[in-house]
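The residues making up each chain are set out below.
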Amino acid sequence: QQQVRQSPQSLTVWEGETAILNCSYEDSTFNYFPWYQQFPGEGPALLISIRSVSDKKEDGRFTIFFNKREKKLSLHITDSQPGDSATYFCAAISNTGYQNFYFGKGTSLTVIP
Amino acid sequence: GPKVLQIPSHQIIDMGQMVTLNCDPVSNHLYFYWYKQILGQQMEFLVNFYNGKVMEKSKLFKDQFSVERPDGSYFTLKIQPTALEDSAVYFCASSFTRLVFFGKGTRLTVV
């Protein structure tokens, strides 16, 4: 079920830097891409999402860039803070009668003060 | 927001015994999922469930695993018999449309 791939598996940045998390997918019927944030001991929580008709979605310091032709997207976290240290999951959803939901394996982000 | 509840939060069980992990999904949701996560690492898909049926399952969903949602109550994951490698945190998720909500997980320890 590895329809969504994430890289890198882990990432370390300094406070204030921009963290870039990458995601790619296989199925061209995917039309909605949520990103989830997970802190230790918690379940994944929806952070930000984008529809395939858009190429960019911004929410504060978090921005998704989407390239439909290449089937790639990335999450940019600007001015990274230690509190952003978490695991980030990219997901993809298609609606072809039955809703398919595919979850990437995650990128573990560490922000060093 | 909507909450997916997982009961219990932690369970310890002897190897070879049966365990049932319970998930109370958001009330009007139609799609249900189980994921397995070991030591805070990668989230591994196990199974998804819709309209009373397993729609898709991974290689990790061994023959010892089963899921059901009897009478629209809890969505359960049963493991019978358990093995040491089943020790992990199991996350339940549910959705109605594109918004998928996750529970906080059940930490299963097989000893």
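Along every chain, residues carry numbers that run from 1 in the direction the sequence is written. A letter from A marks each chain and a number from 1 marks each ligand, given out in the order of writing. Under the rules for a predicted model, residues below a pLDDT of 70 receive no local features and side-chain atom pairs below 80 are neither given nor counted, while totals for whole chains, interfaces and linings still include all residues. With hydrogens and water set aside, each side-chain value is computed from the structure's full complement of heavy atoms.

### What about the state of the cysteines?
Cysteine sulfur pairs qualify as disulfides if the two atoms are within 2.5 Å. Evaluated as defined, the whole model comprises 2 disulfides over all chains. C23 of chain A shares a disulfide with C90 of chain A; S-S distance 2.0 Å. For the disulfide bridge between C23 of chain A and C90 of chain A, the dihedral angle about the S-S bond is near -70 degrees, and by the sign convention the bridge is left-handed. Linking C23 of chain A in strand 3 (residues 19-25) with C90 of chain A in strand 9 (residues 86-96), this pair joins segments that are 67 residues apart in sequence. Relative accessible area serves as the criterion here: at 3%, C23 of chain A is assigned to the buried category. What pairs with C23 of chain B in a disulfide is C92 of chain B, and their sulfur atoms sit 1.9 Å apart. On the sign convention where negative means left-handed, the S-S torsion of about -65 degrees between C23 of chain B and C92 of chain B marks this disulfide as left-handed. Here C92 of chain B lies in strand 9 (residues 88-95) and C23 of chain B lies in strand 3 (residues 19-24), a separation of 69 residues in the sequence. Each helix is a run of H or I in the DSSP string that is no shorter than four residues. Each strand is a run of E no shorter than two, and both are numbered from the N terminus. Between buried and exposed lies partly exposed: a residue is buried under 20% and exposed over 50% of the maximum accessible area for its type, with that area taken using a 1.4 Å probe on protein chains only.

### Some points on unusual backbone geometry
Following S7 of chain A, the chain continues to P8 of chain A via a peptide bond in cis, the omega torsion being -10 degrees. With respect to the element layout, P8 of chain A can be found in the loop between strand 1 (4-7) and strand 2 (10-14). Here the bond from I7 of chain B into P8 of chain B is cis, since omega is -10 degrees, no more than 30 degrees from zero. With respect to the helices and strands, P8 of chain B occurs in the loop between strand 1 (5-7) and strand 2 (10-13). A positive phi angle, near 55 degrees, is found at K71 of chain A, a position not held by glycine. Locating K71 of chain A in the fold gives a position in the loop between strand 7 (62-67) and strand 8 (72-77). According to the relative accessible area criterion, K71 of chain A is partly exposed, its value standing at 28%. Of note, the phi angle at D79 of chain A is positive, near 50 degrees, even though the residue is not glycine. Within the secondary structure, D79 of chain A sits in the loop between strand 8 and strand 9. Classification of D79 of chain A as partly exposed rests on a relative accessible area of 39%.

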